[in-house]
Amino acid sequence: MAEVKINDLMEKIVSLCKRRGFIYQSSEIYGGINGFWDYGPLGSELKRNVRELWWQAMTRFRDDIVGLDATIIMHPKIWEASGHVSTFADPMSTCKVCKKLIRTDQVWEIINDSEWGRTLSGFFSNGALDEEKLLQWVHHRGHRQVPGLALVKNPNEVVKALKSAIAGNKDLSPQEFFKIIATNPSAYTSLITPCPYCGGELTEPRMFNLMFKTHVGPVADEENVAYLRPETAQAIFAQFKNILETSRQKIPFGICQIGKAFRNEVTPRNFTFRSREFEQMELEFFIRPDEVVEKLAGKVAKWSEGADVSQPQPDWGWEMWHRHWVEERVKWYESIGLSRDTFELYWQQKEELAHYARACVDIQFKFPFGTQELEGIAARGDFDLTQHQKFSGKSMEYFDEEAKARYVPHVVEPSAGVDRLVLALICNAYSEDEVPDESGKLEQRVVMRFHPRVAPIKVGVFPLLKNKPQLVQKAKEVREMLRPYMSVFYDEAGAIGRRYRRQDEAGTPFGVTIDFDTLGETNSLKDTVTVRDRDTLKQDRVKIDELVHYLMERIK
Ligand code: GAP
């Protein structure tokens, strides 16, 4: 039941995104293209705000981080050095029946999310099987939904095998249950992995490199192969020396970048969550190797529960810096309206770590479709700079005057996805409640409770009536006054309640109404306006002269 509700919620969010112009399917008029998304008028403003706030926090409010804006296509050797050519691959299987390509490590997740998977799990719980319902389902929906499933093609034999497996193993896991119903007992000796779309048999996995290949120049041969970058990070490593020389930064310092990245994902899914074209916001923060810290400070601080990681200290090695950045990033998410209880921190196990990482924490957001990675914060050691030194033949060493030592710096990398964050903000903002209409009758509303900092439109400006030229003129003056400071939406069409509702759905935190009192009908209220708060519905009377200040205080 809960799962059905979650799906309903995601459906409502996806439909609001389209209806209100947050996110559209790319190339929709041609049937769309899987894994690519466009941001409409509200979505593009929201995305801009996210980028701008990240950039500000990283560069303008700090002295120790500088920016980079590099190309998407770079020298192909970069991807050999980084390990992407040889190891940036996912396991992929093909369904022998419906021919769909599936990321092998996501099969069980997709089955669990599917309608047929959920239905069948419902017939098998706590080691007991509802055989009657199972067979009813086979004869009705099963044929239509998952014709390739052994259970559907050969129900009697499969149910017999299932019952004997249940009798021999009371703790049969859902995965084992699905494997048995996918396997025709007379045709196979080992259990098979079913296709999550039709129930057919999947091929053995083979590795599939996720980088998009292209050719530079008119000749499409192996010599001219290039790749669309799968992460923005490598450009930062490749430009490390140039930036060091031109920015006059000293270690510890960081270089950050926002930009497009491309991955030919086998199964893009969950709306924009896993796309083939997306944007990253990445910081590479360069630090001293632990040996150098020890030489200078006499020791390397060890992290323990409750340690203060807020202010960098001279005895910090990579572990403390790593913890520091996790904390900094969580605080930033809080500052844009994602509270701590919407997250989980997942510390990757040793065997899950990427080839370059010493440690990695995923900041996971509780999306309606599951708790999933929003940002990864990895301690990458000196892997990348050392690799580029080796492959390019150019030194990546840094001379540390204080330590009188030359070394390849180590790095801590907070790496976030713009699109995933926009999706998290949208999911977090979506809410439904009841508010009184003009006659006081309660009516349903959908309201996007964006933090004012990220809200696509900060303020709606409304003349009370459209057909009163003085109200319209005054409202337009107020609009022009606010425009240099924030995004404003002017709306004169329809009843005022309807106009408020439209802005509630867009997530606009404030509504300014120009009424007859503004024009001086009540003398003491001349040149004042009402400001309505989207969340509390409270209305303040504010002098036009003080309006910019009033709003700026609330959106900064
Ligand atoms: N430089 C490290 C790196 O790229 P990653 O965990 O592969 O690490 C970092 O990616 C972030 O980029 C993720 O946390 C996610 O927010 C975003 N991201 C990665 N793949 C994505 C995809 N296919 N679609 C949308 N966002 C993606």
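Residues numbered from 1 in each chain as written. Predicted model: local features only at pLDDT ≥ 70, side-chain atom pairs only at ≥ 80, totals over all residues. Heavy atoms only, no water.

Below, the discussion takes up the environment of Ser-392. Of note, Ser-392 is situated in helix α15 (residues 383-392). Here Ser-392 falls in the partly exposed class, since its relative accessible area comes to 37%. Spatially, the C-alpha atoms of Ser-392 and Gly-148 are 52 Å apart, while their sequence positions differ by 244 residues. A polar atom in the side chain of Ser-392 sits 2.6 Å from the backbone oxygen of His-388. Side-chain polar atoms of Ser-392 contact the backbone nitrogen of Lys-394, separated by 3.1 Å. (Helix = DSSP H or I, 4+ residues; strand = E, 2+ residues; numbered from the N terminus. Buried < 20%, exposed > 50% of the residue type's maximum accessible area, 1.4 Å probe, protein only. Polar contact = N/O pair within 3.5 Å; in protein donor to acceptor, adjacent residues only side chain to side chain.)

Quick look at empty space enclosed by the protein now. Tallied over the entire structure, the rule returns one cavity of 30 Å³ or more. Each pocket or cavity is described by its volume, and for the largest cavity that value is around 40 Å³. Contributing elements (two or more residues each) for the lining of the largest cavity: α18 (496-506) and β23 (510-514). Ranked by residues supplied to the lining of the largest cavity, first place goes to α18 with three residues. Class assignment for the residues of the lining of the largest cavity results in four nonpolar, three polar and three charged. (1 Å grid on protein atoms, 1.4 Å probe; cavity = no way out; pocket = protein on both sides within 12 Å on 5 of 7 lines; lining within 4 Å. Points joined across faces, edges and corners; volume = space filled by probe spheres on them. Nonpolar A, V, L, I, M, F, W, Y, C, P; charged D, E, K, R; others polar.)

Looking now at the site of the ligand. In the vicinity of the ligand, 20 residues are found, and the nearest of them are Glu-231, Arg-263, Ser-275, Glu-282 and Glu-373. The contact in question runs from a nitrogen atom of the ligand to an N or O atom on the side chain of Arg-380, over 3.5 Å. Here an oxygen atom of the ligand and a backbone polar atom of Gly-417 are 3.0 Å apart. Here the ligand loses 90% of its free accessible area of 550 Å² to cover by the protein chains. With respect to the pocket detection grid, the ligand is positioned in the largest pocket. Looking at the shell around the ligand, the elements with two or more residues in it are β12 (277-287), β15 (370-381) and β18 (410-417). Considering every element that reaches the shell around the ligand, the biggest residue donor is β15, with five residues. (Near = heavy atom within 4 Å. Areas by Shrake-Rupley, 256 points an atom, 1.4 Å probe, with all protein chains shown as cover. Sits in = over half its atoms within 2 Å of the grid points.)

End to end, helix α9 (residues 155-168) covers 20 Å across 14 residues, agreeing with the expected 20 Å (1.5 Å per residue, within 8%). Taken together, the buried positions of α9 are Pro-155, Val-158, Val-159, Leu-162 and Ile-166. Looking straight down α9, one finds that the buried residues subtend no more than 100° of arc, so they occupy a single side. What points out from α9, more than 90 degrees from its buried face, is the exposed set Asn-156, Lys-160, Ser-164, Ala-167 and Gly-168. Packed against the buried residues of α9 are β6 (124-125), β7 (128-129), α7 (131-145), α8 (150-153) and α10 (174-182). (Expected span 1.5 Å × (residues − 1). Arc of directions from axis to C-beta. Contact = heavy atoms within 4.5 Å.)

Considering all chains together, one arrives at 49 salt bridges under this definition. Residue Asp-130 pairs with Lys-133 through a salt bridge whose shortest N-O separation is 4.0 Å. Between Lys-163 and Glu-131 there is a salt bridge, and its shortest N-O distance comes to 3.0 Å. Of this pair, Lys-163 sits in helix α9 while Glu-131 sits in helix α7, and the two are 32 residues apart along the sequence. Taken together, the shared-partner salt bridges in this structure form one network comprising Asp-433, Glu-443, Arg-445, Arg-449, Arg-501, Asp-504, Arg-532, Arg-534 and Asp-535. (Salt bridge = Lys/Arg side-chain N within 4 Å of Asp/Glu carboxyl O.)

What follows covers the layout of surface pockets. Estimates place the volume of the largest pocket at around 1500 Å³. Arg-263, Arg-274, Gln-348, Glu-373 and Arg-420 are, among the 48 residues lining the largest pocket, the residues nearest its centre. Contributions of two or more residues to the lining of the largest pocket are made by α4 (84-87), β4 (89-94), β12, β14 (359-367), β15, β18 and α16 (418-429). Residue contributions to the lining of the largest pocket peak at eight residues, all from β15. Across the lining of the largest pocket, the residue classes break down as 15 nonpolar, 15 polar and 18 charged. Each of domain 1 (37-88 + 214-425) and domain 2 (92-207) gives at least three residues to the lining of the largest pocket. A volume near 800 Å³ is recorded for the second largest pocket. Considering the residues around the second largest pocket, the lining is formed by 29 residues, among which Asn-7, Asp-113, Arg-269, Asn-270 and Phe-271 are closest to the centre. (Domains from an automatic or database assignment.)

Geometrically, the link from Ile-251 to Pro-252 is a cis peptide bond, its omega value of 5° lying close to zero. Its location among the elements puts Pro-252 in the loop between α12 (240-247) and β11 (253-262). In this structure, Asn-270 is a non-glycine residue whose phi angle is positive, near 60°. The phi angle at Phe-271 is positive, at roughly 60°, despite the residue not being glycine. Within the secondary structure layout, Phe-271 lies in the loop between β11 and β12.

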